Amino acid sequence: MTAVLQANPEVPRGAPAPAPTARMRPRPPLLLSIVSVGVAVLFALPAVYVVWRTIGLDADLAEVFEDSLAPLWRTVQLAALVSVSATLLGTALAWLVIRTDVPGRRVWRILAPLPLVFPSFVGAAAFLAALAPDGLFRTVLEAVGLSAPDRFRGLGASWLVLTLFTYPYVYLPVAARLVGVGSSLEDAARSLGDRPRVAFRRVVLPQLRGSMLAGMLLVALYTVSEFGAVQLLAYDTLTRVIEANRIFDQPRSFAAASILLVLAVVVVVLERLVRRRVPETGRVGDRPAAPLPLGRWRWPSFAGVVLVLVLALIGPLAALTQWAWRGIARADEAGAQLGQDLGELLTPAWNSAWISTLTAVVAVLVVLPVAHLTARYRSRVAGPVNAAVVGGFAVPGLVIALSIVVFTLNTPALDVLYLTIPALVLAYLVHFGSQAMRAAEVAVASVPDRQRESSRMLGAGSVRRLVTIELPLMRPGLLAGGGLVLLSTIKELPATLLLAPFGFRTLTTRIWQSYTDGYLADVGLASVVLVLVSGALTWVLVLRRSDALA
């Protein structure tokens, strides 16, 4: 221990020895490797299909690449800006509501993840409505003597909207990690004279880097595959090429999708290279951390949290509510109309709730073996397996759904799966499973090796160790990953439109249909219900059952 502290003066006294490096890890069991490779094959199938179709359709790749250079640069630019800003915002917000005495912290813990439930096109539409001549944001700004932007379009608008609606990808894993980091190291650092800011930089921040990188990766992959918001905000990215040509020029569409896949692989590889330079840390601290007094920064921090949630949640929700109320007020019998509209949303709300919960559970169970392989063992297949799972998030949901449709229709043994719930859950799993993957890796890495070894020496079998030792320690991270999958599934649109059984309607399909038909009141009401259902599920299944409120 003394040698470790002397070699690394940034670690305060009393800190545990660093986790084993990759070279010190053992070889994985054969069964775990086989299962992980099988999971990777499942996740890689849509990407393989895209490449196969690109080759089979004989696209002029040179011409497509030349035409796609400008959209590709805009995609990279937007992804870089959004991933950095969302990481900073999500980490700061998680630290404030988990580790400080900011007023209302228990309420903010419930509200902070909820911007993720807004479908991107709905969030962008809400901002456009709120900044319209009679919109909510414009009215408030003019009331305080400020002028609203005349044109809410382009890179700046896309950056703001996507940052506000994607920071929960960082917030959830970072908040879960903060729960697992006790206060003993911080207390030791402060007792040695470190100020709170210095103690955070030296002790807490190194423990959060893995979770921050996990969230940043998800934000970057989400941004490169985003279509709805950037389309509404008139910022053409690579997904526009895919969407605009998917029917009349399939070779160009699939070639552009292949370029998007290459970009996704580059993002994953860069994240892996950066993560290798980040020291691995296990769960540290022997007691929950007491809230850190903010002193004179308490109320400014409170104002900052409120501002973020007003822009990311309360404001858009109020704009959508305004839409709904205007439509209801125009009806002759407003009360009867409201009751009828709410009654029609009961079945879509129930369908959204149970299928998103099922997908979240399946995703955590499927990626957990891969997380064990990549976080605990030394294996040559770990990198490719991880890339296959994480890369599924960059494949647009539309492309994944089309792949599954082709497979099920053209394979006699699988045609019975066409337009069924298993096919729909598979599409959700491939597209959103990576969100549980990185959170699960951090959760697995948080289990100290000494506890596993101690339980093994005491005669506990692998199943008993998993249930009694590992799962309780991994629970916050696994719930965070499952929560990300749940919140993303409940708002997914393209896969649901293409793969849902006949008569199976969700809130997102109801919102989309109402939006395309021009019924803005129905869009607002269904969106409000979507946020309420997502908030209830997040509370019951994620926050209430985790240690985040302890």
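Given the structure is predicted, the values throughout are model-derived calculations rather than measurements. (Residues numbered from 1 in each chain as written. Predicted model: local features only at pLDDT ≥ 70, side-chain atom pairs only at ≥ 80, totals over all residues. Heavy atoms only, no water.)

## Brief notes about the overall build of the protein chain
Thinking step 1. Of the regular secondary structure elements, the protein chain holds 23 helices and 0 strands.
Thinking step 2. Within the span of the protein chain, comprising 550 residues, buried residues form 53% of the whole.
Thinking step 3. Contacts in the protein chain between residues at least 24 apart in sequence constitute 83% of all its contacts with a sequence separation of at least 6.
Thinking step 4. When the accessible area of the protein chain is evaluated, it comes to approximately 24,400 Å², of which 65% is carbon and sulfur surface. (Helix = DSSP H or I, 4+ residues; strand = E, 2+ residues; numbered from the N terminus. Buried < 20%, exposed > 50% of the residue type's maximum accessible area, 1.4 Å probe, protein only. Contact = heavy atoms within 4.5 Å. Areas by Shrake-Rupley, 256 points an atom, 1.4 Å probe, with all protein chains shown as cover.)

## Things to note about the side chain of T489
Thinking step 1. One can find T489 in helix 20 (residues 462–489).
Thinking step 2. Ignoring anything within four residues of it in the chain, the contact list for T489 reads I355, S356, T359, Y428 and F432.

## As for the packing of helix 17 (residues 397–410) against helix 18 (residues 421–445)
Working note: a packed helix pair is described by the angle between its axes plus the distance between those axes.
Thinking step 1. Interaxial distance between helix 17 and helix 18 falls to 10 Å at its minimum, and their mutual angle equals 140 degrees. One finds that helix 17 runs oblique with respect to helix 18. For the crossing formed where helix 17 meets helix 18, the hand is right-handed. Mapping the contact onto sequence places G397, I400 and I404 in helix 17 and A423, L426, A427, V430 and H431 in helix 18.
Thinking step 2. Each residue belonging to the contact of helix 17 with helix 18 can be placed in one class, and the counts come to 6 nonpolar, 2 polar and no charged. (Axes fitted to C-alpha atoms, helices over the stretch in contact; angles between N-to-C directions. Parallel < 35°, antiparallel > 145°, perpendicular 65-115°, else oblique. Left-handed = near helix turned anticlockwise from the far one by under 90°. Nonpolar A, V, L, I, M, F, W, Y, C, P; charged D, E, K, R; others polar.)

## Description of helix 16 (residues 382–391)
Thinking step 1. Among the 10 residues that make up helix 16, 7 are buried, leaving the element largely enclosed by the rest of the structure.
Thinking step 2. Among all positions in helix 16, only A382, V385, N386, A388, V389, V390 and G391 are buried.

## Details of the packing of aromatic side chains
Thinking step 1. Inspection of the entire model under this criterion finds 7 aromatic pairs.
Thinking step 2. Ring geometry for F127 and F137: centres 5.5 Å apart, planes at 75 degrees, overall edge-to-face. In this pair, F127 sits in helix 5 (residues 120–130) while F137 sits in helix 6 (residues 136–143), placing the two residues 10 residues apart along the sequence. In this structure, F127 and F137 share a single accessibility class: buried.
Thinking step 3. With 6.0 Å between their ring centres and 80 degrees between their planes, W354 and F504 make a pair best called edge-to-face. Of this pair, W354 sits in helix 15 (residues 334–376) while F504 sits in the loop between helix 21 (494–499) and helix 22 (507–517), placing them 150 residues apart in sequence.
Thinking step 4. Here a set of aromatic residues connected by ring pairs shows up, and it is made of F127, F137, F152 and F165.
Thinking step 5. The cationic tip of R298 hangs over the ring face of W299; the distance from NZ or CZ to the ring centre is 5.7 Å. (Phe/Tyr/Trp six-rings, centres within 6.5 Å; stacked < 30°, edge-to-face > 60°. Lys NZ or Arg CZ within 6 Å of the ring centre and 35° of its normal.)

## Things to note about the side chain of S488
Thinking step 1. Topologically, S488 is positioned in helix 20.
Thinking step 2. On the basis of relative accessibility, which here comes to 1%, the residue S488 falls in the buried class.
Thinking step 3. With residues near it in sequence (within four places) discarded, S488 still touches L116, Y169, F432 and Q435.

## Some words on a nonpolar patch on the surface
Thinking step 1. On the surface, V262, V265, V266, V269, L270 and L273 cluster together to form a nonpolar patch covering roughly 510 Å² of accessible area.
Thinking step 2. Turning to its location among the elements, V265 is positioned in helix 13 (residues 250–276). (Patch = residues over 30% accessible without salt bridge, like charges linked within 9 Å, V, L, I, M, F, W, Y side chains within 5 Å. Salt bridge = Lys/Arg side-chain N within 4 Å of Asp/Glu carboxyl O.)

## Comments concerning the layout of surface pockets
Thinking step 1. Roughly 770 Å³ of volume is contained in the second largest pocket.
Thinking step 2. Counting residues per element, the ones that place at least two in the lining of the second largest pocket are helix 5, helix 11 (228–232), helix 12 (238–245), helix 17, helix 18, helix 21 and helix 22. (1 Å grid on protein atoms, 1.4 Å probe; cavity = no way out; pocket = protein on both sides within 12 Å on 5 of 7 lines; lining within 4 Å. Points joined across faces, edges and corners; volume = space filled by probe spheres on them.)

## What about the nonpolar core?
Thinking step 1. Grouped together as the largest cluster of nonpolar side chains are 151 residues, with contacts concentrated most on F118, Y167, Y169, Y171, L178, L221 and V533.
Thinking step 2. Not counting residues within four places of it along the chain, the set of residues in contact with Y167 comprises A86, L89, G90, L93, A112, P115, V308, L309 and A312. (Core = buried A, V, L, I, M, F, W, Y, C linked by side-chain atoms within 4.5 Å.)

## Some thoughts on unusual backbone geometry
Thinking step 1. Residues other than glycine seldom take positive phi values, yet A234 does so here, at roughly 60 degrees.
Thinking step 2. The residue A234 is located in the loop between helix 11 and helix 12 in this model.

## Looking at the confidence of the model for the protein chain
It should be kept in mind that the predicted coordinates are not to be read in detail where pLDDT is low.
Thinking step 1. Residues at a pLDDT of 70 or more form 76% of the protein chain, whose mean pLDDT is 75.
Thinking step 2. Mean pLDDT values over the elements of the protein chain span from 35, in helix 1 (residues 2–7), up to 92, in helix 7 (residues 154–166).
Thinking step 3. Note on residues 1–22: pLDDT under 50 across the span, and 29 contacts to partners over four residues away in sequence or across chains.
Thinking step 4. Counting contacts from residues 332–336, a segment whose pLDDT is below 50, to residues more than four positions away or on other chains yields 1 contact. (pLDDT = per-residue confidence, 0-100.)

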